Amino acid sequence: MAELVKNAWAGWLSFANAGKLPAALLISLLFLWIYYKRVRQKGLLIYTTAALICCILPVTAALLELYQTRFYDYKWIWSLVPMTALTGFAVTLFLTDFLQESSGGSRKRQAAAVALLAAGLIFCGGMGRKPWDGCGRQGEVQERQKAEMIFEELQERLQGKQVCLWAPRELLEYARAYDAGILLLYGRDMWDTDLTAYSYESYPGGFRDLYLWIESAPGTETVPVLYCAEALAASEVNCILLPGDKPAEMIQSFEDMLGVRSEKLGEYYLLIR
């Protein structure tokens, strides 16, 4: 239970940081409770407040996650909260009731307040991504271009042979878009768990270990390199791209196990079986 509570709190922090709509909802609730006597839809206000509290408090959020089963993650419990409806209701009340009284009939003040409100609502969505975190549009274009250069070089070296690729995530994400004929040891559903929401199938445990190792995930420092090399030797992978920051002794272990020599390809070590 302690783990569920911890995960629920981490889920709320992640959900709140992904955008500003939760903040808009909280401001709307505060506004409606201050002017509670003027609110006609009191049932909507009370229900939304109760549902919001249940989704934020770690204990009740953990119970809701148990109710919906672990098949779904934290963000799905927010389907209980009518965020859009309540926020829209608060905006409507503000424009039709409060604004007319506070502006004293001045159209300029009303227009300025409406413009500020519209700007605030616009900035409430899509603000979770930061342009400097590598996930913005410019970062995606650069990553795609870098991946395409790698794939072009691979095609020249393999001379039309079928490619079964194992590489870091930043390359696998664009491999099939570049050439649908490229086979992958695992796909996007390895790291994007939402894609497996309606599937009970999973990768073998060894594949998961390979993904965590090549991505240098925390806790994989003790994963034996020979274990990864043996798993690859038993697979159909014939093209391996290892990050250039991996120690030389690790690259040597892959070379010895697979019986091939590595060569530098951009920021990666290339091994062709």
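Note that the structure is a prediction, hence the values are computed from the model and not measured. (Residues numbered from 1 in each chain as written. Predicted model: local features only at pLDDT ≥ 70, side-chain atom pairs only at ≥ 80, totals over all residues. Heavy atoms only, no water.)

Peer 1: Could you clarify how one ought to interpret the overall build of the protein chain in this entry?
Peer 2: On a plain count of helices and strands, the protein chain comes out with eleven helices and five strands. Taking all 273 residues of the protein chain together, 35% fall into the buried category. Counted over contacts in the protein chain with a minimum sequence separation of 6, partners at least 24 positions apart contribute 60%. Just so you have it, the protein chain exposes about 16,500 Å², and 59% of that area is on carbon and sulfur atoms. (Helix = DSSP H or I, 4+ residues; strand = E, 2+ residues; numbered from the N terminus. Buried < 20%, exposed > 50% of the residue type's maximum accessible area, 1.4 Å probe, protein only. Contact = heavy atoms within 4.5 Å. Areas by Shrake-Rupley, 256 points an atom, 1.4 Å probe, with all protein chains shown as cover.)

Peer 1: Please clarify how the sheet that holds strand β5 (residues 268-272) should be interpreted in this entry.
Peer 2: Backbone-to-backbone hydrogen bonds pair the strands of a sheet. The strands run either parallel or antiparallel. The mixed open sheet is built from five strands, whose spatial order is β2-β1-β3-β5-β4. Two strands in the sheet have a free side with no partner beyond their single neighbour: β2 (183-184) and β4 (263-265). Bridge count between strand β3 (residues 239-243) and β5: five bridges; the pairing is antiparallel. Residue Ile 240 lies in a different strand from β5, and its bridge partner there is Leu 271. With respect to the sheet, helix α11 (residues 248-258) is in contact with β1 (164-166), β3 and β5, its orientation differing from that of β5 by roughly 5°. (Pairing = 2+ DSSP bridges. Axes fitted to C-alpha atoms, helices over the stretch in contact; angles between N-to-C directions.)

Peer 1: Would you explain the pairing of β3 in this entry?
Peer 2: Within a regular strand, side chains alternate between the sheet's two faces. By the criterion of burial, β3 is predominantly enclosed, with five of the five residues buried. What you see with β3 is no split at all: Cys 239, Leu 241 and Pro 243 on one side and Ile 240 and Leu 242 on the other are buried throughout. Where β1 lies against β3, two bridges are found, and the strand directions are parallel. Residue Trp 166 lies in a different strand from β3, and its bridge partner there is Ile 240.

Peer 1: Looking at this structure, how should I read the packing of helix α10 (residues 225-233) against α11?
Peer 2: For any two helices packed against each other, the geometry comes down to the angle between their axes and how far apart the axes lie. Packing of α10 against α11 brings their axes to within 9 Å, and their N-to-C directions diverge by 35°. You can see that α10 and α11 cross each other, and the crossing is right-handed. For the pair α10 and α11, contact is made by Val 225, Leu 226, Cys 228, Ala 229, Glu 230, Leu 232 and Ala 233 and by Met 250, Ser 253, Phe 254, Met 257 and Leu 258, respectively. Its residues assigned to classes, the contact of α10 with α11 comprises ten nonpolar, one polar and one charged. (Left-handed = near helix turned anticlockwise from the far one by under 90°. Nonpolar A, V, L, I, M, F, W, Y, C, P; charged D, E, K, R; others polar.)

Peer 1: Where do I start with the pairing of β5 in this structure?
Peer 2: Counting buried positions over the five residues of β5 gives four, a clear majority of the element. Sheet topology places β4 next to β5; three bridges connect them, and they run antiparallel. Paired with Lys 264 across the strands is Tyr 269, a residue of β5. Here β4 hands over to β5 after two residues, with Gly 266 in that stretch at a positive phi of 65°.

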